[in-house]
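Listed here are the chains, written in short residue letters.
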Amino acid sequence: MYSKKIIDMFKNPKFAGEIKNPDAIGEVGNVKCGDIMKIYLKIDSGIIKDIKFKTYGCMAAIAASEAMCKLVKEKTLEEASKITSKDIVKELGGEMPLVKVHCSVLGMEALQKAIENYNKK
Amino acid sequence: MGKIYLDNGASTKTDNKVVQAMIPYFKEMYGNASSIHKLGKDAKLAIEKSRKTIAKSLNVIPEEIVFTSGGTESNNLALKGTAFAAASMNKEKNHIITTKIEHDCVLESAKWLETQGFKVTYLDVDKEGFVLLEKLKSAITPKTLLVSIIHGNNEIGTIQDLESIGKACKKNNVLFHTDACQSFTKANLDVKKFNLDLVTLNAHKIHGPKGVGALYVKKGTIIMPWQHGGGHEFGLRSGTENVPGIVGFAKAVKIVDSNNIKEMERLRDKLIEGVLKIPESRLNGPIGKKRLCNNANFSFKKIEGESITGYLDIMGIASSTASACSSMSLEPSHVLMAIGLSREEAHGSLRITLSRYTKEEDIDKLIKKLSKVVNKLRRISPLGG
Ligand SMILES: Cc1ncc(COP(=O)(O)O)c(C=O)c1O
Ligand SMILES: [Zn+2]
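Just so it is clear, the model here is predicted, and its values are computed rather than measured.

Parameters at a glance
- Residues numbered from 1 in each chain as written.
- Chains lettered and ligands numbered in written order.
- Predicted model: local features only at pLDDT ≥ 70, side-chain atom pairs only at ≥ 80, totals over all residues.
- Heavy atoms only, no water.
- Core = buried A, V, L, I, M, F, W, Y, C linked by side-chain atoms within 4.5 Å.
- Buried < 20%, exposed > 50% of the residue type's maximum accessible area, 1.4 Å probe, protein only.
- Helix = DSSP H or I, 4+ residues; strand = E, 2+ residues; numbered from the N terminus.
- Phe/Tyr/Trp six-rings, centres within 6.5 Å; stacked < 30°, edge-to-face > 60°.
- Contact = heavy atoms within 4.5 Å.
- Buried area = accessible area lost by both parts, 1.4 Å probe.
- Salt bridge = Lys/Arg side-chain N within 4 Å of Asp/Glu carboxyl O.
- Polar contact = N/O pair within 3.5 Å; in protein donor to acceptor, adjacent residues only side chain to side chain.
- Nonpolar A, V, L, I, M, F, W, Y, C, P; charged D, E, K, R; others polar.
- Domains from an automatic or database assignment.

Peer 1: Looking at this model, I keep getting lost on the nonpolar core. Mind explaining?
Peer 2: Soluble globular proteins tend to bury their nonpolar side chains together. Within the largest apolar cluster, 71 residues are counted, with the highest numbers of intra-cluster contacts made by Ile39 and Leu41 of chain A together with Leu271, Phe300 and Leu370 of chain B. Among the elements that take part in this core, helix H2 (residues 59-72) of chain A stands out by supplying 11 residues, more than any other. Of all hydrophobic cores here, the second largest spans 57 residues; its members include Leu136, Tyr216, Val243 and Val253 of chain B.

What follows is the structure in structure tokens.
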């Protein structure tokens with residue numbers, strides 16, 4: 001069902017974890033799927049210097065969290081907020097089972113929320 | 001990497017002896033059982049011999065066994081065939097009783113019958129998945145035509161007390177059907193003692209081929225066919241018989257060794273003991289003799305089932321989950337919800353189902369790997385590890 005790339009990202013997520021004293025946190029839950037995701041950001045001069053995630057969810061949700069983190073690290077907040085689910089699926093190797101697409105948008109929503117929270121500060 | 005198969009509730013490995021028994025009916029005796037030449041007669045003979053084998057295993061007569069394409073078809077025939085037959089004889093008869101923990105093919109048939117004017121009661125079950133006899137008794141009315149209750153539950157392994165339920169049905173003159181796909185050859189299924197009128201069986205859960213099953217229909221039961229055509233299977237199920245499948249089904253039944261049940265129970269209990277050492281885990285369904293010998297079902301807090309089975313799969317172990325994310329509908333299992341689990345517990349479910357081929361070392365390996373997987377997933381869970 002899943003590609004090798006998705007399996008690799010699921011198995012060895014380099015961005016999984018927490019950041020102590022983060023500059024922003026974003027958390028979203030997808031009740032439909034039961035998935036929940038939390039994003040931690042370290043921001044310097046408008047650039048995402050570090051990012052970590054914690055995800056409760058299926059393989060697709062965890063792999064997509066990892067892919068999203070990889071995509072936005074070292075990006076400006078403006079660049080990061082333009083990331084789409086297409087970009088994430090591309091980062092995951094271009095394939096995502098159709099029933100799993102909804103699990104892969106979770107990461108973006110958490111990131112948007114974190115950026116929103118940061119901008120509100 | 002060695003593969004460990006622990007999803008026997010979904011399907012089983014076809015026994016090599018079964019495959020061997022089937023092959024001649026592809027290669028040499030490929031005739032249509034309705035044909036009157038030699039090849040046709042050979043096929044017919046094979047079907048009737050198989051019918052005897054299945055009948056004997058249930059302690060019933062061969063004329064009471066109707067071959068079908070599997071459990072789904074047998075359940076559809078049992079529900080729809082009795083509902084329409086009863087209603088056509090007596091308009092008052094429009095009520096069916098079943099449970100909230102049936103297989104989808106029973107539930108969906110019942111729901112469809114509701115669209116056709118029938119009334120259905122879906123009985124609650126207790127925390128371990130047992131039907132409450134008193135609730136059943138009070139649900140029966142003069143309009144009730146059928147009670148359909150699964151014998152061994154496919155998700156949580158609960159084995160219902162069909163004997164008491166059967167007595168209540170008999171007393172009230174209501175037809176009694178059970179879906180025995182999971183329990184057949186693995187639990188005591190006494191058709192006479194349980195007062196059963198209809199029993200659903202299939203082959204692929206007992207090391208037989210997929211796409212073949214049977215419905216036991218007690219002589220004299222009021223039922224009409226659901227599939228019309230050439231009048232095969234005593235007029236109850238038209239269509240050219242799946243001869244190799246039927247032969248394979250009978251072979252699978254013939255080679256069952258009831259000694260295997262004890263060994264599966266032993267391994268199941270070792271598994272349950274080992275897995276419950278993992279913190280914040282629970283067993284779903286009962287323990288002991290009232291549980292299918294090959295079934296274990298757990299829930300783990302703070303993690304999601306599809307990621308557990310996915311991880312185990314990567315490690316070479318096949319298992320299953322009833323989490324929402326693993327299903328097409330994105331809804332958690334109706335069975336786990338019916339026994340009162342929270343959504344989180346239902347999402348974090350894992351089903352392990354053994355077979356007679358399961359080895360002790362498979363169980364040892366699973367316990368070890370599972371505890372690693374649970375730890376790893378909990379470390380990355382926002383619900384706290
Ligand atoms: C309890 C139960 N009933 C019915 C079925 C459906 O049987 P089949 O796959 O032969 O259609 C299954 C298996 O999937 C089952 O476990
Ligand atoms: Zn998901």
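Peer 1: Sorry if this is basic, but what is going on with the packing of aromatic side chains here?
Peer 2: A ring pair, where both rings are aromatic, is described by two values, the distance of the centres and the angle of the planes. Residues and elements named next belong to chain B. On inspection of all chains with the given rule, the structure shows seven aromatic pairs over all chains. On the basis of an interplanar angle of 70 degrees and a centroid distance of 5.7 Å, the ring pair of Trp112 and Trp226 is categorised as edge-to-face. Of this pair, Trp112 sits in helix H5 (residues 104-115) while Trp226 sits in the loop between strand E8 (213-217) and helix H8 (243-254), and the two are 114 residues apart along the sequence. Take Trp112: its relative accessible area is 32%, and that puts it in the partly exposed class.

Peer 1: Which parts of the structure should I look at to understand the interface of chain B and chain A?
Peer 2: Accessible area lost when the parts come together is the quantity often used to give the size of an interface. The interface is formed by 22 residues belonging to chain B together with 23 residues belonging to chain A. Between chain B and chain A, the buried area comes to about 1900 Å², and carbon and sulfur atoms account for 67% of it. Across the chain B-chain A interface, the total number found is zero salt bridges. Taken together, chain B and chain A are joined by seven residue pairs in polar contact (both at pLDDT 80 or more). Contributing elements (two or more residues each) for the side of chain B that touches chain A: helix H10 (305-314), helix H12 (343-347) and helix H13 (360-379) of chain B. When residues of the side of chain B that touches chain A are assigned to their parent elements, the largest contribution, five residues, is made by H10 of chain B. Partitioning the side of chain B that touches chain A into residue classes produces 11 nonpolar, five polar and six charged.

Peer 1: What is the right way to look at the domain arrangement of chain B in this model?
Peer 2: Residue and element names in this part refer to chain B. Looking at chain B, the domain boundaries give domain 1 (4-12 + 258-380) and domain 2 (16-254). One C-alpha centre belongs to domain 1, the other to domain 2, and the line joining them spans 28 Å. Facing 27 residues of domain 1, the contacting portion of domain 2 comprises 29 residues. In total, domain 1 and domain 2 occlude about 2300 Å² of area from one another, counting both sides; carbon and sulfur atoms represent 54% of this. The three residues of domain 1 that bury the most area against domain 2 are Thr12, Leu292 and His334, which together make up 26% of that side's buried surface. Counting the contacts that link domain 1 with domain 2 gives zero salt bridges. In this structure, the connection of domain 1 to domain 2 is made through 15 residue pairs in polar contact (both at pLDDT 80 or more). Of all the secondary-structure elements, those providing two or more residues to the side of domain 1 that touches domain 2 are strand E10 (295-300) and helix H11 (334-338). At four residues, H11 tops the list of elements feeding residues into the side of domain 1 that touches domain 2.

Peer 1: Honestly, the pattern of salt bridges in this entry has me stumped. Any pointers?
Peer 2: A side chain with one charge may pair with a side chain of the opposite charge, provided their charged atoms come close. Scanning the entire structure with this criterion turns up 24 salt bridges over all chains. Its salt-bridge partner being Glu78 of chain A, residue Lys82 of chain A comes within 3.3 Å of it at the nearest N-O pair. For the pair Lys82 of chain A and Glu78 of chain A, a shared accessibility class is recorded, and that class is exposed. Between Glu48 of chain B and Lys44 of chain B there is a salt bridge; the shortest N-O distance is 3.4 Å. Pair noted here: Glu48 of chain B and Lys44 of chain B are both in helix H3 (residues 38-58), with a separation of four residues, about one helical turn. Taken together, the salt bridges that share partners define one network made up of Glu263, Arg266, Lys270, Glu360 and Asp364 of chain B.

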